[in-house]
Amino acid sequence: MGKTMWRAVVAGGAAFVFAGVAAVPAGAAEGGVSFSRVTVNGGKPIVIGVNEEVEVRAAFRMTTKLKFDFGPTVLPYRGKLSSGDRLYSAVITSDCKVVDKAKGICDFDEWLYIDPRHVDFGNEDAGTWKTAAQVYLPGNAQDIDDVSLPLQVKRATRVTVNASPEPVAAGKTLTVTGRVTRANWNTHTYQGYAGRTVSLQFKAAGASSYTTVKKVTSSGTGALRTTVKATKPGTWRWTYYGNSTSGAKSSTGDYVAVR
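Residues numbered from 1 in each chain as written. Predicted model: local features only at pLDDT ≥ 70, side-chain atom pairs only at ≥ 80, totals over all residues. Heavy atoms only, no water.

## Side note on the packing of aromatic side chains
The line we're drawing: Centres within 6.5 Å make a pair out of two Phe, Tyr or Trp rings, where for Trp the six-membered ring is used; the pair is then stacked when the planes are under 30 degrees apart, edge-to-face when over 60, and tilted otherwise. Put simply, DSSP marks the helices as runs of H or I at least four residues long and the strands as runs of E at least two long, and each gets a number from the N terminus on. Exposure is judged per residue with a 1.4 Å probe applied to protein chains only, and the accessible area is read against the type maximum: over 50% gives exposed, under 20% gives buried, and values in between give partly exposed. Two conditions define a charge sitting above a ring: the NZ of Lys or the CZ of Arg must be within 6 Å of the ring centre, and it must be within 35 degrees of the ring normal.
A full pass over the atoms with the stated rule returns 5 aromatic pairs. Considering the side-chain rings of phenylalanine 60 and phenylalanine 108, the 5.3 Å spacing of their centres and the 20 degrees angle between planes classify their relative orientation as stacked. Of this pair, phenylalanine 60 sits in strand E5 (residues 54-63) while phenylalanine 108 sits in strand E10 (residues 105-114), and the two are 48 residues apart along the sequence. Like phenylalanine 108, phenylalanine 60 is buried. Put simply, the rings of Phe35, Phe60 and Phe108 touch in pairs and so form one group of aromatic residues. One cation-aromatic arrangement involves arginine 196 over tyrosine 193; the distance from NZ or CZ to the ring centre is 4.5 Å. Taking the ring centre of tyrosine 210 as reference, the NZ or CZ of arginine 237 above it sits at 3.8 Å.

In structure tokens form, the structure reads like this:
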């Protein structure tokens, strides 16, 4: 995480510890390996809270006739390809699933872990990352490529809701409150997220989906509050659709009977 490369667990259960992110050694045989069909987290943003390590699934194809010592892996990076920041705490790579032995084509599954509690992980890590694919070759050499796959890493959000009074008389005013908070990776707490546009949504009793009733801007503490006229029984919730550094989230639903 940050400028430090963490422990990587590779195929076969072997473990290797990296002290830092190093450039390709002099004389290393960069080249001779290609990566394709790379997917990370199913193309969805990687949303991370404040305490729980996140498991990210990845898959890729590697083509090479070269022998390799350990790896291969795909991982998020920023800055220079060979010496920039890396974003992972551990990586587990499956054994080669042979596609074409004669051509040296293998498919791999990968489990990449990101721990927000690590000392090098902070709010500045939210945003767009690139994806590197690498494999270590004999003689301390490596092949590392940018696979042209942007990754969005986002701070998790939480949203609460409360609708009152419950029950409410038909035609009377219903007050819906709540709060939107966002993960602070520096303090490992959720803090009020001010100035956010949050949608108040309603699902009538018997309906299968929510519809947006109105939009409200959160206060300086992330508080949400509005009033609506009660016309029919159903469930109310708040939905925040996220942004480039913050994940989307809906509150649980609060059912209100109308009498």
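## Structural notes on the pattern of salt bridges
In plain terms, the rule: The term salt bridge refers to a pairing of a side-chain nitrogen on Lys or Arg with a carboxyl oxygen on Asp or Glu at a separation within 4 Å.
Following the criterion strictly, the structure yields 3 salt bridges and no others. In this structure, aspartate 107 engages arginine 61 in a salt bridge whose closest nitrogen and oxygen atoms are separated by 2.7 Å. Remark: arginine 61 occurs in strand E5 and aspartate 107 occurs in strand E10; sequence separation between them is 46 residues. By relative accessible area, which is 21% here, aspartate 107 ends up partly exposed. Here arginine 61 falls in the buried class, since its relative accessible area comes to 13%. One salt bridge connects arginine 117 with aspartate 115, and the closest N-O pair in it is separated by 2.9 Å. A residue is classified by how much of its surface remains accessible, and aspartate 115, at 14% relative accessible area, is buried.

## Here we look at the side chain of threonine 157
Note the threshold: Polar contacts, as counted here, are pairs of nitrogen or oxygen atoms within 3.5 Å of one another; within protein the pair requires one atom able to donate a hydrogen and one able to accept it, and residues that are adjacent in sequence qualify only if both atoms are side-chain atoms. Throughout, a contact is declared for two residues whenever any of their heavy atoms are within 4.5 Å.
By secondary structure assignment, the location of threonine 157 is in strand E14 (residues 157-164). A polar contact of 2.8 Å, which involves the side chain of threonine 157, links it to the backbone oxygen of glycine 247. Among residues more than four places away in sequence, those in contact with threonine 157 are Thr181, Arg182, Tyr193, Tyr240, Ser246, Gly247, Ala248 and Lys249.

## Points about the pairing of E5
Spelled out, the test is: Any two strands between which DSSP finds at least two bridges are classified as paired.
One ladder, built from 5 bridges, connects strand E3 (residues 34-40) with E5; its direction is antiparallel. Paired with threonine 39 across the two strands is alanine 59, which belongs to E5.

## Comments concerning the nonpolar core
Test applied: Here the nonpolar core consists of buried residues drawn from Ala, Val, Leu, Ile, Met, Phe, Trp, Tyr and Cys, with membership extended through side-chain atoms lying within 4.5 Å.
Within the largest apolar cluster, 37 residues are counted, with the highest numbers of intra-cluster contacts made by Phe35, Val40 and Ile48. Secondary-structure elements contributing two or more residues to this core are E3, strand E4 (46-48), E5, strand E6 (70-78), E10, strand E11 (127-137), strand E12 (141-146) and strand E13 (151-155). With residues near it in sequence (within four places) discarded, phenylalanine 35 still touches Phe60, Arg61, Met62, Pro72, Ala133, Gln134, Val135, Asp143, Asp145 and Val147. Val161, Phe202, Val216 and Val258 belong to the second-largest nonpolar core, a separate cluster that totals 20 residues.

Just distances and angles here, no functional claims.
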